[in-house]
Amino acid sequence: MKMGDRVTSIVVPILEKGMKSGEDATRQGVCLGLLELINSSNRRLLENNFIKLMPIVQAALCDTLEDVCETAAQCFNVMQSKLGGSVIDTVVPLLLNDLKGNDTSKAELSLQGLCQLLALRGRDVMTVLIPKLLNSECGSGSSSSSSSGDESKKNLLNLFQATTLASISENTGDIMH
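Residues numbered from 1 in each chain as written. Predicted model: local features only at pLDDT ≥ 70, side-chain atom pairs only at ≥ 80, totals over all residues. Heavy atoms only, no water.

Draft legend 1. Molecular detail of the overall build of the chain. Counting secondary structure elements, the chain contains seven helices and zero strands. When its helices and strands are written in sequence order, the chain yields α-α-α-α-α-α-α. The proportion of buried residues among the 177 residues of the chain is 41%. Taking the contacts inside the chain whose residues are at least 6 apart along the sequence as the reference set, 70% of them involve residues at least 24 apart. (Helix = DSSP H or I, 4+ residues; strand = E, 2+ residues; numbered from the N terminus. Buried < 20%, exposed > 50% of the residue type's maximum accessible area, 1.4 Å probe, protein only. Contact = heavy atoms within 4.5 Å.)

Structure (structure tokens):
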């Protein structure tokens, strides 16, 4: 059964609200519902609701519960399959920006989200990720050794290591878990 614009316009606000819940089970249910919505939607419907769906997917990718992150990565994967590069081009830069911020908790969750994406779509994500990392390091130009700068560099190093391992795993056929 394909969901239409009318149903989607009712369901999306419910998913947005549910993703803000403090209950793990609710957020997991939201992600499962979101995955079903995305799987049941055609390309046109996803394109029309892209701006509404992507913040939900991004929030879920950065959730504290690993099951929520894994399901969000599946949502991302299906959207990427149906819509193409615009999904990666939207999500990866936002997650990278979180790594550069002063909030180490948010940075760690964003790194976890990026790792989930790398596990499913390593090559596609890396084609966006590596140039962004190189540009951010080259463009920083600051030699200050502030703790937030050090933390940001540490997060970028961790991300680079994760992307490298994901690439190696993808190329050798090993499964990382």
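Draft legend 2. Quick look at helix α2 (residues 24-40). Along its 17 residues, α2 runs 24 Å from first to last C-alpha, staying within 8% of the 24 Å computed at 1.5 Å per residue. Every buried residue of α2 is listed here: Arg27, Gln28, Val30, Cys31, Leu34, Leu35, Leu37, Ile38 and Ser40. The secondary structure elements touched by the buried residues of α2 are α1 (5-19), α3 (43-61) and α4 (66-83). (Expected span 1.5 Å × (residues − 1).)

Draft legend 3. View of the side chain of Gln58. Among the secondary structure elements, Gln58 is positioned in helix α3. Relative accessible area serves as the criterion here: at 16%, Gln58 is assigned to the buried category. For Gln58, the residues in contact, after removing those within four places along its chain, are Leu94, Leu95 and Asp98.

Draft legend 4. Geometry of the pattern of salt bridges. All chains considered together, the criterion is met by five salt bridges. As a salt-bridge pair, Arg27 and Asp24 come within 2.7 Å of each other at their nearest N and O atoms. A residue pair is termed a helical-turn pair when its members lie 3 or 4 positions apart in one helix, as Arg27 and Asp24 do in helix α2 at three residues. Classification of Arg27 as buried rests on a relative accessible area of 5%. (Salt bridge = Lys/Arg side-chain N within 4 Å of Asp/Glu carboxyl O.)

Draft legend 5. Local environment of the packing of α3 against α4. Following both chains from N to C, one finds α3 and α4 inclined at 155°, their axes separated by 10 Å at the closest point. In terms of their interaxial angle, α3 and α4 are classed as roughly antiparallel. Considering the relative orientation of α3 and α4, their crossing is left-handed. Residues Arg43, Leu46, Glu47, Phe50, Leu53, Met54, Val57, Ala60 and Leu61 of α3 lie in contact with α4, whose contacting residues are Val68, Cys69, Ala72, Ala73, Cys75, Phe76, Met79, Lys82 and Leu83. (Axes fitted to C-alpha atoms, helices over the stretch in contact; angles between N-to-C directions. Parallel < 35°, antiparallel > 145°, perpendicular 65-115°, else oblique. Left-handed = near helix turned anticlockwise from the far one by under 90°.)

Draft legend 6. Spotlight on the nonpolar core. In this structure, Leu34, Val57, Leu61, Met79, Val92 and Leu117 are the most contacted members of the largest nonpolar core, which totals 44 residues. For this core, the secondary-structure elements that each account for two or more residues are α1, α2, α3, α4, α5 (86-100) and α6 (104-140). Take this core: its biggest share by element is 11 residues, from α6. (Core = buried A, V, L, I, M, F, W, Y, C linked by side-chain atoms within 4.5 Å.)

Draft legend 7. Just the side chain of Gln80, in detail. With respect to the helices, strands and loops of the structure, Gln80 is situated in helix α4. Take Gln80: its relative accessible area is 8%, and that puts it in the buried class. If we skip the residues at most four places from it in the chain, Gln80 touches Gly85, Val87, Ile88 and Arg121.

Draft legend 8. α3, seen in detail. For α3, with 19 residues, the first-to-last C-alpha span of 22 Å runs short of the 27 Å given by 1.5 Å per residue. Of all the bends in α3, the greatest measures close to 75° and is centred on Phe50. Along α3, the residues classified as buried are Leu45, Leu46, Asn49, Phe50, Leu53, Met54, Ile56, Val57, Gln58, Ala60 and Leu61. (Bend = angle between axes of the 7 residues up to and from the residue.)

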